[in-house]
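Reading the structure
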Amino acid sequence: MKRGYEIVKEISDKDCRALSPEFFDEFMPGGKYHIFVELVMKYHDELEFCFRGNNEPSEAVCIYYNNHLVYKIEANGNITINFDHARYSDYEKYWTLINHKYGFNKMADEVPTIKVTKKKEKGKISYYTSVGYITSKYNDEIKNNVENIYVNCIRKMLIDSFDMISENCRTDKFRAHENRRKPYRGKLPQSGRKKPYWIEKIRQQQIFSRMKFQKDGYFFYDMEFSQKSKDDSDEYKEALSNEPDMMAIHFNEEGVPDRFAFVEVKSTESAYNNKKSGMVNHLQKMKGYRKDSLKDRLREAALILFQYDKLGIYNIEVNREKLLDLADNRHENLFVFTDEAVEEFHKDKSEDIREFKDNDVKITDVDIHIPGCKELEFWSLLADQ
């Protein structure tokens, strides 16, 4: 967007994920958080940098690996890591490295405290274990070890978490530890199936990373969208509860933005058929998105794309005015099916899906390669159909 002007987030930009000028400057060269931009650019094939300017109580940036948190950096100086990723690893070693060798929090206990939560659902008792998120104020040791903490700890923890094959990585070591303690002895099975949705998380980031077309294709610019309600009507809240996986702008053959899209990814049989968050549920909610919010979404898109360009994370060519003109056009709902979900979609005979197939458009010219993914289909439905 190097066009002789700047687009800047203003106070009037409510519920906008772009960053305020003051916080954004901290990520520019010379800013105290620029080290995180350098990390993402160095490991660009596995990390994504997403703006969370509407995070409360303090705006933030989140860095993801397989759509799982690596770092959350907040304007109030908090840096957060999800230590639950360590449950399939030698978690005590990583706890010591992160906090005591690399200085994330030298005041932390020698070993993490594992929390056990007991829940009773439909007469069945279940136990959940976690250490949770660990947060520290940004300091010189964190700054000097941002890459060490990622490469030597967080990445290894996440690789173990996503490893569905190695026997050692199938044992939940949080649960194994607590299972030896008297209150829970024998009550916490410590090995078994990992959550099947993890393949969906992998696919989401793989697709997000590759869909960066600025001519005759889609540019995916944000993940894990969630909009705050502007009114209290049940209808509006229901539409906003949809929370699609990603947002995108489509560019035509001349490189002009012509469509805005909410994107939903389905990869597994269970995710496709889930009653609360499955295909039919998302389809119904996506249709209910309020058009009066589109101008906010498109201004947000313009701000995010400008900030990506200015940071050097992506080279963005489109200009602001053409993006904002999209507010007068129809937006679309883009469904991406991968792996098991492709077959589930094609054999689905429900009324909602029959109607969807009658009105949608199958997109056949998406040229991306997803490692390990044999089935991949894109289907688009204009929002007012």
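Along each chain, residues carry numbers from 1 onward, in the same order as the chain's sequence is written. This being a predicted model, a pLDDT of at least 70 is required before a residue's local features are given, and a value of 80 or more before pairs of side-chain atoms are given or counted; all residues contribute to the totals for chains, interfaces and linings. The basis for every side-chain value is the complete set of heavy atoms in the structure, and neither hydrogens nor water enter the calculation.

Turning our attention to the overall build of the protein. For helices the rule is a DSSP run of H or I covering at least 4 residues; for strands it is a run of E covering at least 2, with both sets numbered from the N terminus onward. Across its full length, the protein carries 13 helices and 13 strands. Against the compact-globule benchmark of 21 Å for 385 residues, the protein has a radius of gyration of 22 Å, which places it among compact chains. Principal-axis analysis of the C-alpha atoms gives the protein an extent of 60 × 55 × 45 Å. Across the 385 residues in the protein, those meeting the buried criterion constitute 56%. Contacts are assigned to residue pairs with any non-hydrogen atoms lying within 4.5 Å of each other. For the protein, restricting intrachain contacts to residue pairs at least 6 apart in sequence, the fraction spanning at least 24 positions comes to 67%. Under the convention used here, a 1.4 Å probe and the Shrake-Rupley method define accessible areas, while residue burial counts only the protein chains that appear. Counting every atom, the protein has about 18600 Å² of accessible surface; 47% of that belongs to carbon and sulfur. Within this scheme the basic residues Lys and Arg register as positive and the acidic residues Asp and Glu register as negative, but His and the chain ends are omitted. We put the charge of a Lys on NZ, of an Arg on CZ, of an Asp on CG and of a Glu on CD. In the protein, the 63 positive side-chain charges and the 68 negative ones have mean positions that sit 7 Å from each other. Within these notes, the globule rule equals 2.2 Å times the number of residues to the 0.38 power, and the radius of gyration is based on C-alpha atoms. We call a residue buried when its accessible area falls under 20% of the maximum for its residue type, exposed when it is over 50%, and partly exposed in between, using a 1.4 Å probe and counting protein chains only.

Generally speaking, a soluble globular protein has its nonpolar side chains buried in company with each other. With 113 residues, the main nonpolar core has Phe-27, Phe-49, Ile-63, Tyr-71, Phe-83, Tyr-150 and Phe-220 as its most contacted residues. Not counting the four nearest positions on each side in its chain, Phe-27 is found in contact with Leu-19, Tyr-33, His-34, Val-37, Phe-49, Val-61, Ile-73 and Leu-311. We define a nonpolar core as any set of buried Ala, Val, Leu, Ile, Met, Phe, Trp, Tyr and Cys residues linked to one another through side-chain atoms lying within 4.5 Å.

The two faces of the sheet receive side chains in turn, since in a regular strand these alternate between them. Buried residues dominate strand β2 (residues 60-65), accounting for six of its six residues. A two-sided burial pattern is seen for β2, the buried positions comprising Ala-60, Cys-62 and Tyr-64 on one face and Val-61, Ile-63 and Tyr-65 on the other. Any two strands between which DSSP finds at least two bridges are classified as paired. As defined by bridge partners, strand β1 (residues 48-52) adjoins β2 across five bridges and the pair is classed as antiparallel. What sits directly across from Arg-52, in β2, is Ala-60. Adjacent in sequence and paired antiparallel, β2 and strand β3 (residues 68-74) are bridged by two residues, among which Asn-66 carries a positive phi angle near 50°.

The six strands lie next to each other as β8-β9-β10-β11-β13-β12, forming an open sheet whose pairing is mixed. Because the sheet does not close on itself, it has two edges, and the strands there are β8 (217-223) and β12 (361-363). Strand-to-strand twist across the sheet, computed as the mean angle between neighbouring axes with direction ignored, equals 30°. Pairing of strand β11 (residues 332-338) with strand β13 (residues 376-382) involves seven bridges; the strand directions are antiparallel. Bridging from a neighbouring strand, Asn-333 pairs with Leu-381 of β13. Across the sheet, helix α10 (residues 294-311) lies against β8, β9 (246-251) and β10 (257-266), angled at about 90° from β8, the strand it touches most. Only the stretch in contact is used when fitting a helix axis, every axis being a line fitted to C-alpha atoms; angles between N-to-C directions are given from 0 to 180 degrees. Where helix α12 (residues 340-347) meets the sheet, it contacts β10, β11 and β13, and its direction lies at approximately 115° from that of β11.

Those residues of α12 not exposed but buried are Ala-341, Val-342, Glu-344 and Phe-345. Down the axis of α12, the buried set is contained in an arc of 165°. They therefore lie on one face. Throughout, the arc means the angular range of directions from the helix axis out to the C-beta atoms.

The strand order across the open sheet formed by five strands is β1-β2-β3-β4-β7, and the pairing between neighbours is antiparallel. Only two strands of the sheet have a single neighbouring strand rather than two, namely β1 and β7 (133-137). Taken over all neighbouring pairs, the strand axes of this sheet differ in orientation by 20° on average, direction set aside. Of the strand pairs in this sheet, strand β4 (residues 78-82) and β7 are connected by five bridges, and their pairing is antiparallel. The residue bridging Thr-80 from the neighbouring strand is Thr-135, located in β7. Relative to the sheet, helix α2 (residues 34-42) contacts β1, β2, β3 and β4, its axis offset from that of β3 by approximately 155°.

Quick look at α2 now. Looking at α2, one finds that the buried residues are His-34, Phe-36, Val-37, Leu-39 and Val-40. Here the buried face of α2 lies against β1, β2, β3, β4, α4 (140-162) and α10.

So, about the pairing of β11. Taking burial as the measure, the seven residues of β11 include seven buried ones, the bulk of the element. By the alternation rule, side chains of β11 split into Glu-332, Leu-334, Val-336 and Thr-338 and Asn-333, Phe-335 and Phe-337, which are all buried. With six bridges connecting them, β10 and β11 associate as parallel partners. Residue pairing in the sheet places Val-263 in a bridge with Leu-334 of β11.

Quick look at unusual backbone geometry now. Negative phi values dominate among residues other than glycine, just as trans dominates among peptide bonds. Along the chain, Glu-56 connects to Pro-57 via a cis peptide bond; the corresponding omega equals 5°. Position of Pro-57 among the secondary structure elements: in the loop between β1 and β2. Here Asp-15, not a glycine, exhibits a phi torsion of approximately 45°, which is positive. Counting through the fold element by element, Asp-15 comes out in the segment before α1 (21-25). You will see that Asp-339, though not glycine, has its phi angle at about 50°, which is positive. Along the chain, Asp-339 turns up in the loop between β11 and α12.

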